[in-house]
2 protein chains.
Amino acid sequence: MGRVAGQIDLSKTEAILNAAAEVLSARGVSAPMEEIARRANVSKQTIYNHYGSKAELVQALCERRVQEMTAGLESPEAALHPEEALASFGRILLLGLTQMNGAAFLRMAMTSVTVMPEVARAFFEAGPRASRARLAEFLRAETLAGRLFCPDPLEAAEFFGGMVVGSYQTAALLGVERALDEAKIDRIAKEAARRFLRAYAT
Amino acid sequence: MGRVAGQIDLSKTEAILNAAAEVLSARGVSAPMEEIARRANVSKQTIYNHYGSKAELVQALCERRVQEMTAGLESPEAALHPEEALASFGRILLLGLTQMNGAAFLRMAMTSVTVMPEVARAFFEAGPRASRARLAEFLRAETLAGRLFCPDPLEAAEFFGGMVVGSYQTAALLGVERALDEAKIDRIAKEAARRFLRAYAT
DNA sequence: GGAAAGTTGGACTCCGCAGTCCAGCTTACA
DNA sequence: TGTAAGCTGGACTGCGGAGTCCAACTTTCC
């Protein structure tokens, strides 16, 4: 094993986080720590060496996951044609929900509202809110450039996000799986972008 | 008390259901039965007389609640101007989320996916799915009448629903409360309707 | 007044899980 | 080779909640 004498084994930290992601997504926050330990090929005690409590583990997991889900939203797509930029944005949103149990993970975050509100809130800020803000910024720039007319860019961004993600998200959160392959995702994102542009044309 | 000899007391059934709605919304599905009993001024045993288990109670609650939340969507608003009809539809969706802990209730339904999937699924079918289908039907009729052009009415309905509800729903589910008075609801619904019509104009 | 069914509250069983403890083991460095 | 730290696994404590049981009380009908 690539670990140093008496030093915490970072590869185990990874394994624990991965196992937690799988188990907690599938079984919800109430899944027992023991199962996470088993999945990570690690003893329960080791988990408590790395993360002081279940809450801390969930917190760390949320932080990592929200980064994965919003990765790609940072790239400056302003160079693209607005329609393509919007479609790309929509694709990323949907992929975040589809890939790697994204929806199940979101459900887990919601579940934790009653028991650990700060975690859920942080997730919201770093995830949905940040992504909408990012889109709003883009819309504002496009408006200034005269290619679009969004008097209220944040509202427009929320509308667009809702269009793209809305129906799939609600269904998935309620446990109704719709197969959504890349082709369909592409179609939805493109169509939403097209309609959105019509709605907000100059 | 208005109850018959040895017959189950229907007014208690009501009280239990109301108490369950409050407690389960506030504290999540994991809230103890004892608390529901206390809130309903009823003994725990009585709850088990009326509903055989916690799952059955939650089920009954979901069934009642979904009716409350979708009430008003049945009225034939086709007579209205499309923009007003859409705005009205949007208002009802938002009110369902805002009034009486609607969002918290939705969260509860989602939370119960892992432990009682059938309940969540039934909720989805009777709630979000039915309402979108209803709207799609309206859009199809308007398209046939030449006042709108929605080649894919169901997709359009989902887009509209997402626009109206999307941002508020995600935030609320993650425990971030935005004050949303009737005036704001009205504004959002109207604006969404207006934009939607532009996107789907003939 | 008695029978039938419901209600009460409180005690009680059973279960599952978070988190702790410990004894024995492994690893790496000095 | 000693020692300092981490890891293992399994036993253990403590807690909280679902669902049951029961003896005493209430209500209505016959």
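For clarity, every value in this text was computed on a predicted model and none was experimentally measured. (Residues numbered from 1 in each chain as written. Chains lettered and ligands numbered in written order. Predicted model: local features only at pLDDT ≥ 70, side-chain atom pairs only at ≥ 80, totals over all residues. Heavy atoms only, no water.)

### A few points about the overall build of chain A
When its secondary structure is counted, chain A shows nine helices and zero strands. The order of α-helices and β-strands along chain A, N terminus first, is α-α-α-α-α-α-α-α-α. Over its C-alpha atoms, taken along the principal directions, chain A stretches across nearly 65 × 35 × 30 Å. Burial analysis of chain A (202 residues in total) assigns 54% to the buried set. Sequence separation of 24 or more characterises 69% of the internal contacts of chain A that already satisfy a separation of 6 or more. For chain A, the accessible surface area stands at approximately 9,300 Å², while carbon and sulfur atoms represent 54% of it. Computed over 24 positive and 24 negative side-chain charges, the separation of the two mean positions in chain A equals 4 Å. (Helix = DSSP H or I, 4+ residues; strand = E, 2+ residues; numbered from the N terminus. Buried < 20%, exposed > 50% of the residue type's maximum accessible area, 1.4 Å probe, protein only. Contact = heavy atoms within 4.5 Å. Areas by Shrake-Rupley, 256 points an atom, 1.4 Å probe, with all protein chains shown as cover. Lys, Arg positive; Asp, Glu negative; His and termini not counted. Charge placed at Lys NZ, Arg CZ, Asp CG, Glu CD.)

### Some thoughts on the pattern of salt bridges
In the structure shown here, the tally under the stated rule is 30 salt bridges over all chains. The shortest N-O distance in the salt bridge between E142(A) and R147(A) comes to 2.7 Å. Since its relative accessible area comes to 45%, R147(A) is described here as partly exposed. For E68(B), the salt bridge identified is with R65(B), shortest N-O distance 3.7 Å. Placement of the pair is E68(B) and R65(B) together in helix α4 (residues 54-70), with a separation of three residues, close to one helical turn. Given the relative accessible area of 4%, R65(B) is considered buried. What you see here is one network of salt bridges that share partners, running through E14(A), R64(A), R65(A) and E68(A). (Salt bridge = Lys/Arg side-chain N within 4 Å of Asp/Glu carboxyl O.)

### Some points on helix α9 (residues 182-199) of chain A
Taking 1.5 Å per residue, 18 residues should reach 26 Å; α9(A) reaches 26 Å between its end C-alpha atoms and fits that length. I185(A), I188(A), A189(A), E191(A), A192(A), A193(A), R195(A), F196(A), L197(A) and A199(A) are the residues of α9(A) that are buried. (Expected span 1.5 Å × (residues − 1).)

### Side note on the layout of surface pockets
Approximately 560 Å³ is the volume found for the largest pocket. If you go around the largest pocket, you meet 32 residues; those closest to its centre are S30(A), T111(A), V29(B), S30(B) and T111(B). Taken together, the elements giving at least two residues each to the lining of the largest pocket come down to α1 (10-27), α4 (54-70) and α6 (102-111) of chain A together with α1 (10-27), α4 and α6 (102-111) of chain B. Split by residue class, the lining of the largest pocket holds 16 nonpolar, ten polar and six charged. Taken as a whole, the second largest pocket encloses approximately 450 Å³ of empty space. Contributing to the lining of the second largest pocket are 21 residues, with S167(A), R178(A), L154(B), E155(B) and E158(B) lying nearest its centre. Among the secondary structure elements, those contributing two or more residues to the lining of the second largest pocket are α8 (153-173) and α9 of chain A together with α7 (117-144) and α8 (153-173) of chain B. Of the residues belonging to the lining of the second largest pocket, the class tally is eleven nonpolar, two polar and eight charged. (1 Å grid on protein atoms, 1.4 Å probe; cavity = no way out; pocket = protein on both sides within 12 Å on 5 of 7 lines; lining within 4 Å. Points joined across faces, edges and corners; volume = space filled by probe spheres on them. Nonpolar A, V, L, I, M, F, W, Y, C, P; charged D, E, K, R; others polar.)

### Thoughts on the packing of helix α5 (residues 82-98) of chain B against α7(B)
Residues and elements named next belong to chain B. The geometry of α5 relative to α7 is characterised by a closest axis approach of 12 Å and an angle of 175° between their N-to-C directions. Relative to α7, the element α5 lies roughly antiparallel. Residues P82, A85, L86, F89 and L93 of α5 lie in contact with α7, whose contacting residues are S131, R132, L135, F138, L139 and E142. (Axes fitted to C-alpha atoms, helices over the stretch in contact; angles between N-to-C directions. Parallel < 35°, antiparallel > 145°, perpendicular 65-115°, else oblique.)

### Some words on the interface of chain A and chain B
Residue-level contacts link 41 residues of chain A with 40 residues of chain B. Buried surface at the junction of chain A and chain B, summed over both partners, amounts to about 3,600 Å²; 62% is from carbon and sulfur atoms. Three residues, F159(A), L174(A) and R195(A), lead the burial of chain A against chain B; their summed loss comes to 19% of the area buried on that side. Across the contact surface, chain A and chain B share four salt bridges. Across the salt bridge formed by R178(B) and E158(A), the nearest N and O atoms sit 3.3 Å from each other. In this structure, the connection of chain A to chain B is made through 14 residue pairs in polar contact (both at pLDDT 80 or more). Secondary structure elements with two or more residues in the side of chain A that touches chain B: α1, α6, α7 (117-144), α8 and α9 of chain A. Its residues assigned to classes, the side of chain A that touches chain B comprises 22 nonpolar, nine polar and ten charged. (Buried area = accessible area lost by both parts, 1.4 Å probe. Polar contact = N/O pair within 3.5 Å; in protein donor to acceptor, adjacent residues only side chain to side chain.)

### Some remarks on the relation of the copies chain A and chain B
Overlaying chain A with chain B gives an RMSD of 0.1 Å, the required rotation being 180° about an axis along which the chain moves by 0.0 Å. These values place the two chain copies in the arrangement generated by a two-fold rotation axis. A share of 98% of interface residues in chain A that are also interface residues in chain B marks the association as one of identical surfaces. (Least-squares fit on C-alpha atoms with pLDDT ≥ 70 in both.)

### Concerning the domain arrangement of chain A
Residues and elements named next belong to chain A. Parsing chain A into structural domains produces domain 1 (10-52) and domain 2 (63-199). Between domain 1 and domain 2, the C-alpha centre-to-centre distance is 29 Å. With eight residues of domain 1 in contact, the opposing surface of domain 2 contributes seven residues. At the boundary of domain 1 with domain 2, total buried surface from both sides reaches about 620 Å², with 63% on carbon and sulfur atoms. (Domains from an automatic or database assignment.)

### Some points on the environment of V58(B)
Residues and elements named next belong to chain B. Within the element layout of this structure, V58 appears in helix α4. Between the alpha carbons of V58 and A126 there is a distance of 15 Å; along the sequence they are 68 residues apart. Residue contacts for V58: discarding those within four places in its chain leaves L24, V29, M108, M116 and V119.

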